[in-house]
Amino acid sequence: MQHKQTTLALAIAGLFVASAAPLAFAQQASEVGRITIIGEGDRLGNGYMVEEDGTKERGTVTKAAIDKARSTANPFQLLNVLPGVNASSYDATGLFGGNLRVRGFNSDQMGFTINGAPVNDSGNFAVYPQEYSDSENLCEIFVTQGAAETDAPHVGASGGNVGLVSCGPKDQRGGKFTQSLGQLNFHKTFIRLDTGLLGESKAAKLFMSYSKSEVDKFKGFGKADRDHVDAGLEWKISSDTKLTANLLYNHAVNNNFMTVTKAQFAQNPSADFTNVVPQHLAAGNENVVANFKYDNTGVTGRPAYYGYSVNPFENYLLTARLESRINNNLTLSAEPYYWYGYGTGGTEQNTLAESASNGTKLGYGVGNINGNGVKTDTVGVYRGSVTETHRPGITFKANYVVDNHKILAGYWIERARHRQTQPATTVDNNGNVANIWLDGSLITLNDGTLYQGRNWLTISTGTSAFVTDTISLANDRLQVVPGVRYTSIKRDFTNYASLGTGAGADYQVSRSYSKPLGSLGLSYKVSDPLQVFGNITQNMRAPSNFVLAGWVSSVTYANGAVSAYTLKPNDGIKEETSTNYEGGVRYTGQDFNASATLFQVDFKNRIAQGYNPNTGSYTDFNVGDSRTRGFELQLGSKPIHGWSAFGSLTYTESKILNDFPSMKGGVAATLATSGKYFPDTPQWMASASAQYANGPWLAALTAKYVGKRYTTLTNEEYLDPYTTFDLDAGYVLPNFSVLKKPTLRLNISNLFNKRYLIANSGSGSNITTTLDATYSGGGTPTYYVGAPRFTSVSFSTEF
Amino acid sequence: MSLALQLFRHRDSASTAGTVLLMLAFAVAISLKPHLPSKVQAETVMEIRMLEEAPPAPPPPKPLPAPTPAPAAKLQLPSPLPTPPKPAVKEPTRTSPNLTPNLAPSAPSPTPASAPISTTVPAVSSAPALPAKEAAPAKPVEAPPPAPKPAAQISDGYIAKLRAYVQGRKRYPTGREASLAKPTGTVRAWLLLNRQGEMQDVGVERSSDSIILDSEALKLLRSGHYPAFPDEAFPGQGTHKFYFDLDYQRSGEN
């Protein structure tokens, strides 16, 4: 106060002098100097937080956090401590995959991208996190818990978004080597080479990495076996134009874990597939107990043979980004990508009945499988659902700055050619499969054509035109961000006659789903440390392609070909839509940052298997609405005497808003689900991570609490809460010869060996509606078993 | 054995308690931290003064007009005292070489149109410079109008303060665009303040070649709350322009 008066006095005095004295010269500008801003790191919340200032709640896992985790950790595991996120992994290493739910939305209802390219399955939007980048090459994983990203290439996201961003090549020539070893014969070898900046102009740089990982299952028999290649290019073509490109290749052959019921788990927590090879009979019916017929719920008989429940998969993903600054106001970019995937999964142990050549069957019936000359056997085979996807796409974007507007406009288009078949091959009495990939040695029909239990081709053409305008007001302290996108997907579905249910004749059908989706966001910096934000966004998710399958009924064949059939469409399915409301506050302090977000999601027309009044049958249909409300808190500290911490707390109240249209004994019947909680959506979740880093030492203890969650729509069954602890420790050795930052690392997952179960439910069709099996969709839910304590060590070094 | 059983039976509550303990540890860790003065701008001005009083006054100001460019005026400023010991100030503050360390008592300039009242007389009081040493350890708040100091030194103090403030607010841009584009580069940007510390304008002098970074730099400078100039700083200027080289990098990629 005193001071202000003085200033005022001086100012007044100055006015007088000013009028008296002539202008004196003084330099009107000063250099403040260089200020360096580094994008990521351990500076906040152990690497689980960055300083956000957008209009949405958004979480980031930085490279610093990724580097502390086990080298095989998949993105779901890395995201698990963030607010709102309920992630699980089928084993400790992450090599078998897992599941993710955020605000009640399952991973197949969220949009996933790698370097901007969508990686959800083009048909059913499923996500397979174990296929993606090696964690050594990942720089950032981000999640928007509920709000749509208007510019993201998704047609299948009624929930939020997750993005993975690869690290580019390094400026210096060198590389990195990591060797990990652990329990269950775990090993991973990773090697990466960087060219450094190349040539006279030093404009381009490249990297390439290869890794090999294996680990045994923690229960039952079998293992995961993964080969992975990542490569990257960054080329600064001119000062205004930059090209980046990334390649990802993954080849994996995993044995599946068997899911179990609660009763099974109580009886034997290690219940899994058997190692007893089912034996062929000399002749006759192999579809009997003790042979190829199996029962995985363990009530009677025995489970399938582990060697006939495998998940071989191969993918590659090429992404590129060409970005050019046209002038100070305009940047254009093109982001093409190409995704390829091939593989099979599930339990492939099956039987097929041979048939004598018979013109009233498709292709004259299944031929002689076992070659014994008799066509009357039911033979044990390996049959799997094969998926092959070719998926090119491109996003064009323009970023235009004018006055206080920052406009982002763009267009995305992709064409996914998605082939889904179900061929079969032979197995012998030692458990050998003629071809686990099902791309050769396949069983044929009597007319020589391939046996198929399913034979679909879906061309999905997705597009999105979008524009957002970031309007800055009040000295950039207020941001208003309106946005709109028009998203559409056209499914051209062809069913080729196969022996599958409702699939006996060729037919083609096209369906389009489209919707304009709006969003409005706002953020205001009340003071330097305090910001408020809020948004409303609309999301949509088109029905999966399989709703277009199984329409054939009353089919007859003459001379092995279709002579008559009826099409019974499962029609009238609309897209799911959701509206996400968020409001929150962020605090940016000297010692810590924190945020609190309130949210509500209105979810309409959820797609699941239910009673469809249009067709009078139990098929995929819009079964109703739900509402989810809650809050998410997070807090991350800056390192203080080596100590730092991150914590999050999530409260979610999810309510189903109507009764479920089911069937009982072939008649429409409703289940009382109104007011019940949504499955696998815990009311409470919390995470906490404390880290101590001092000189070469680093140790971090991370805890995650997952509350009680229901597993049937009628809420008759639930899973108990659990808390797991993970310990990650490291020691950086002195540089030695060419070795830079040689580091020893210890990772212990589930430190206290907590036993728990994980819900095995996707977004729709495989959620058990009720324990009462007399209802369609009813039955006993099965679960994955949480992985027990697992310890691994690693040595890594740069060079 | 029974202990083990007990532990096992209570594993749920124990693990929940563990979580709570972790949270507590977290809270304690924060509270343990020695309380550093916040870098809020209100106190800033005073801090600068204290600082300036600390070093023995260089050449005593000439009695009257004679605008002697004091040779010692370029002396290196010690970094502001109370700033946290972070490696914030990597490079010494550089004052524009031709920033005249003009002590001229009569250096008011006609205020630029944008800055209405701001003109202040730099060192109006020609009070003798003696009390400097005594004043140094004095309580900050009630400090009487300070002894005259070389304006350049006071200006440098302000610049250091400004730098520390911007250091404290800087951030790498977030959002989907920035995450995917991963831009790096240096924006040379300027900030124009009036004597009250009110932001008059900002601009990009040299682009980073990235619109995202340029916008972030402008937002950083435009949205700040800046302290008023010390009376003696930037003598005779109604406004002053500050240049920043904002170097945006990403860890793990070079």
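Residues numbered from 1 in each chain as written. Chains lettered and ligands numbered in written order. Predicted model: local features only at pLDDT ≥ 70, side-chain atom pairs only at ≥ 80, totals over all residues. Heavy atoms only, no water.

**Brief notes about the overall build of chain A**
Move 1: A tally of regular secondary structure across chain A gives four helices and 43 strands.
Move 2: On C-alpha atoms alone, chain A measures out to a radius of gyration of 29 Å, which is about the 28 Å that the 2.2 N^0.38 rule sets for 799 residues.
Move 3: Summarising its shape, the C-alpha atoms of chain A cover approximately 120 × 60 × 55 Å along the three principal directions.
Move 4: Taking all 799 residues of chain A together, the buried fraction comes to 60%.
Move 5: Put simply, of all contacts in chain A between residues at least 6 apart along the chain, 68% involve residues at least 24 apart.
Move 6: By element, 57% of the accessible surface of chain A is carried by carbon and sulfur atoms, the whole surface being about 29300 Å².
Move 7: Here chain A carries 67 positive and 66 negative side-chain charges, and the mean point of each set is 2 Å from the other. (Helix = DSSP H or I, 4+ residues; strand = E, 2+ residues; numbered from the N terminus. Rg over C-alpha atoms; globule rule 2.2 N^0.38 Å. Buried < 20%, exposed > 50% of the residue type's maximum accessible area, 1.4 Å probe, protein only. Contact = heavy atoms within 4.5 Å. Areas by Shrake-Rupley, 256 points an atom, 1.4 Å probe, with all protein chains shown as cover. Lys, Arg positive; Asp, Glu negative; His and termini not counted. Charge placed at Lys NZ, Arg CZ, Asp CG, Glu CD.)

**Digging into the overall build of chain B**
Move 1: Helix and strand content of chain B: seven helices and three strands.
Move 2: When the helices and strands of chain B are placed in sequence order, the string is α-α-α-α-α-α-β-β-α-β.
Move 3: Within chain B, the proportion of its 254 residues that are buried is 50%.
Move 4: Taking the intrachain contacts of chain B between residues at least 6 apart in sequence as the baseline, contacts between residues at least 24 apart amount to 77%.
Move 5: Put simply, chain B shows about 11500 Å² of open surface, and 65% of that area lies on carbon and sulfur atoms.

**Quick look at the packing of aromatic side chains**
Residues and elements named next belong to chain A.
Move 1: On inspection of all chains with the given rule, the structure shows 36 aromatic pairs over all chains.
Move 2: Ring geometry for Phe 76 versus Phe 112: centroids 5.7 Å apart, planes at 55°, classification tilted. Separated by 36 residues along the polypeptide, Phe 76 in helix H3 (residues 75-79) and Phe 112 in strand E6 (residues 111-114) bring together distant segments of the chain.
Move 3: The exposure class of Phe 76 is buried, given its relative accessible area of 1%.
Move 4: Aromatic pair Phe 105 and Phe 603: ring centres 4.8 Å apart, planes at 65°, arrangement edge-to-face. (Phe/Tyr/Trp six-rings, centres within 6.5 Å; stacked < 30°, edge-to-face > 60°.)

**Brief notes about helix H5 (residues 151-169) of chain B**
Given 3.6 residues per turn, any residue in an α-helix points the same way as the ones three and four places further on.
Move 1: Taking 1.5 Å per residue, 19 residues should reach 27 Å; H5 of chain B reaches 27 Å between its end C-alpha atoms and fits that length.
Move 2: Burial analysis of H5 of chain B places 18 of its 19 residues in the buried class, which makes it a mostly covered element. (Expected span 1.5 Å × (residues − 1).)

**Concerning the state of the cysteines**
Residue and element names in this part refer to chain A.
Move 1: For the structure on display, the rule yields one disulfide over all chains.
Move 2: Between the sulfur atoms of Cys 139 and its disulfide mate Cys 167 the distance is 2.2 Å. In this structure, the disulfide formed by Cys 139 and Cys 167 twists by about 105° around the S-S bond and is classed as right-handed. Remark: Cys 167 occurs in the loop between strand E10 (161-166) and strand E11 (174-182) and Cys 139 occurs in strand E8 (residues 138-144); sequence separation between them is 28 residues.
Move 3: A residue is classified by how much of its surface remains accessible, and Cys 167, at 2% relative accessible area, is buried. (Disulfide = S-S within 2.5 Å.)

**Some words on the nonpolar core**
Move 1: Grouped together as the largest cluster of nonpolar side chains are 57 residues, with contacts concentrated most on Val 61, Leu 79, Leu 100, Ile 141 and Val 162 of chain A.
Move 2: If near-sequence neighbours (up to four positions away) are discounted, Val 162 of chain A is found in contact with Leu 79, Leu 100, Met 110, Gly 111, Phe 112, Thr 113, Ile 141, Phe 142 and Val 143 of chain A.
Move 3: In this structure, Ile 35 of chain A together with Leu 213, Ala 217 and Tyr 226 of chain B belong to the second largest nonpolar core, which totals 29 residues. (Core = buried A, V, L, I, M, F, W, Y, C linked by side-chain atoms within 4.5 Å.)

**A word on the sheet that holds E8 of chain A**
Residues and elements named next belong to chain A.
Move 1: Pairing is mixed across the open sheet formed by five strands, whose spatial order is E2-E8-E10-E6-E7. A strand with exactly one partner marks an edge of an open sheet, and here the two such strands are strand E2 (59-62) and strand E7 (117-118).
Move 2: Where E6 meets E7, two bridges bridge the pair, whose relative direction is antiparallel. Looking at E7, one finds that Thr 113 is bridged to Pro 118. (Pairing = 2+ DSSP bridges.)

**Thoughts on the environment of Asn 368 of chain A**
Residue and element names in this part refer to chain A.
Move 1: Relative to the assigned elements, Asn 368 resides in the loop between strand E18 (349-353) and strand E19 (378-383).
Move 2: Separated by 313 residues in sequence, Asn 368 and Thr 681 have C-alpha atoms that sit 49 Å apart.
Move 3: Beyond its immediate sequence surroundings of up to four residues, Asn 368 is in contact with Glu 354, Gly 373, Val 374, Lys 375 and Asn 446.
Move 4: Separated by 3.2 Å, the side chain of Asn 368 and the backbone nitrogen of Gly 371 make a polar contact. (Polar contact = N/O pair within 3.5 Å; in protein donor to acceptor, adjacent residues only side chain to side chain.)

**Topic: the side chain of Asp 728 of chain A**
Residue and element names in this part refer to chain A.
Move 1: With respect to the helices and strands, Asp 728 occurs in strand E39 (residues 722-732).
Move 2: No salt bridge is formed by the buried Asp 728, whose closest oppositely charged neighbour, Arg 70, lies at an N-O distance of 6.3 Å.
Move 3: Looking at Asp 728, its side chain comes within polar contact range of the side chain of Asn 747, at 2.7 Å.
Move 4: Beyond its immediate stretch of four places on either side in the chain, Asp 728 contacts Lys 68, Ala 69, Leu 698, Ala 699, Ala 700, Leu 746 and Asn 747. (Salt bridge = Lys/Arg side-chain N within 4 Å of Asp/Glu carboxyl O.)

**Here we look at the side chain of Lys 219 of chain A**
Residue and element names in this part refer to chain A.
Move 1: Structurally, the position occupied by Lys 219 is in the loop between strand E13 (204-216) and strand E14 (223-236).
Move 2: A polar contact is formed between the side chain of Lys 219 and the backbone oxygen of Met 258, at a distance of 2.9 Å.
Move 3: Leaving out residues up to four positions away in the same chain, Lys 219 has contacts with Phe 257, Met 258, Val 260, Pro 269, Ser 270, Ala 271, Asp 272 and Val 785.

**Some points on helix H7 (residues 211-222) of chain B**
All names here are of chain B.
Move 1: Taking 1.5 Å of rise per residue, twelve residues should cover 16 Å, and H7 covers 16 Å from first to last C-alpha, within 8% of that figure.
Move 2: The buried fraction of H7 amounts to eleven of the twelve residues, a majority that puts the element mostly inside the structure.
Move 3: The opening residue of H7, the one whose side-chain oxygen lies 3.3 Å from the backbone nitrogen of Ile 212, is Ser 210.

**Considerations on the pairing of strand E15 (residues 241-255) of chain A**
Residues and elements named next belong to chain A.
Move 1: Taken across its 15 residues, E15 has eleven buried, putting it largely inside the fold.
Move 2: Between E14 and E15, which follow one another and run antiparallel, lie four residues.
Move 3: Of the pairings in the sheet, the one linking E15 to strand E16 (residues 310-327) comprises 15 bridges and is antiparallel in character. Looking at E16, one finds that Tyr 249 is bridged to Tyr 316.

**A look at the sheet that holds strand E4 (residues 98-102) of chain A**
Residue and element names in this part refer to chain A.
Move 1: Reading across the sheet, the three strands line up as E3-E4-E5 and stay open at both edges, with antiparallel pairing between neighbours. Pairing within the sheet leaves two strands with one partner each, and these edge strands are strand E3 (85-89) and strand E5 (105-106).
Move 2: In this structure, E4 lies alongside E5, joined through two bridges in antiparallel fashion. Counted as the bridge partner of Arg 101 is Asn 106 from E5.

**Thoughts on the pattern of salt bridges**
Two side chains carrying opposite charge are able to pair once their charged atoms lie near each other.
Move 1: In this structure the tally under the stated criterion is 45 salt bridges over all chains.
Move 2: Linking Lys 63 of chain A and Asp 67 of chain A is a salt bridge whose minimum nitrogen-to-oxygen distance equals 3.2 Å. Taken together, the positions of Lys 63 of chain A and Asp 67 of chain A, both in helix H2 (residues 63-68) and four residues apart, correspond to about one turn of that helix.
Move 3: Taking the shortest distance from any N to any O, the salt bridge between Lys 664 of chain A and Asp 772 of chain A comes out at 3.8 Å. Placement of the pair is Lys 664 of chain A in strand E33 (residues 660-664) and Asp 772 of chain A in the loop between strand E41 (757-759) and strand E42 (783-785), with a sequence separation of 108 residues.
Move 4: In the salt-bridge network here, residues are joined through shared partners; they are Asp 151, Arg 321, Glu 323, Glu 335 and Lys 397 of chain A together with Arg 176 and Glu 177 of chain B.

**Here's the deal with unusual backbone geometry**
Residue and element names in this part refer to chain A.
Move 1: In this structure, Asn 115 is a non-glycine residue whose phi angle is positive, near 50°.
Move 2: Residue position: Asn 115 is located in the loop between E6 and E7.
Move 3: Residue class for Asn 115 comes out buried when judged on its relative accessible area of 18%.
Move 4: Phi at Asp 476 is positive, roughly 65°, even though this residue is not glycine.
Move 5: Mapped onto the fold, Asp 476 is located in the loop between strand E23 (455-473) and strand E24 (478-495).

**Side note on a nonpolar patch on the surface**
All names here are of chain A.
Move 1: Where nonpolar side chains cluster on the molecular surface, the patch consists of Leu 522, Tyr 524, Val 526, Leu 530, Val 532, Val 585 and Tyr 587 and spans about 510 Å² of accessible area.
Move 2: Sorting the residues of the nonpolar patch by element identifies strand E25 (507-525), strand E26 (530-541) and strand E29 (576-588) as the ones contributing at least two each.
Move 3: When you line up the elements, Val 526 lands in the loop between E25 and E26.
Move 4: Residue classification places Val 526 among the partly exposed positions, given a relative accessible area of 43%. (Patch = residues over 30% accessible without salt bridge, like charges linked within 9 Å, V, L, I, M, F, W, Y side chains within 5 Å.)

**Looking at the confidence of the model for chain B**
Residue and element names in this part refer to chain B.
Move 1: On average, residues of chain B score 61 in pLDDT, and 40% of them are at 70 or above.
Move 2: Throughout residues 1-5 the model reports pLDDT below 50, and contacts reaching past four residues in sequence, or to other chains, amount to zero contacts.
Move 3: Note on residues 12-143: pLDDT under 50 across the span, and 208 contacts to partners over four residues away in sequence or across chains.
Move 4: Here the complex is predicted with pTM 0.82, and the ipTM for its interfaces comes to 0.86. (pLDDT = per-residue confidence, 0-100.)

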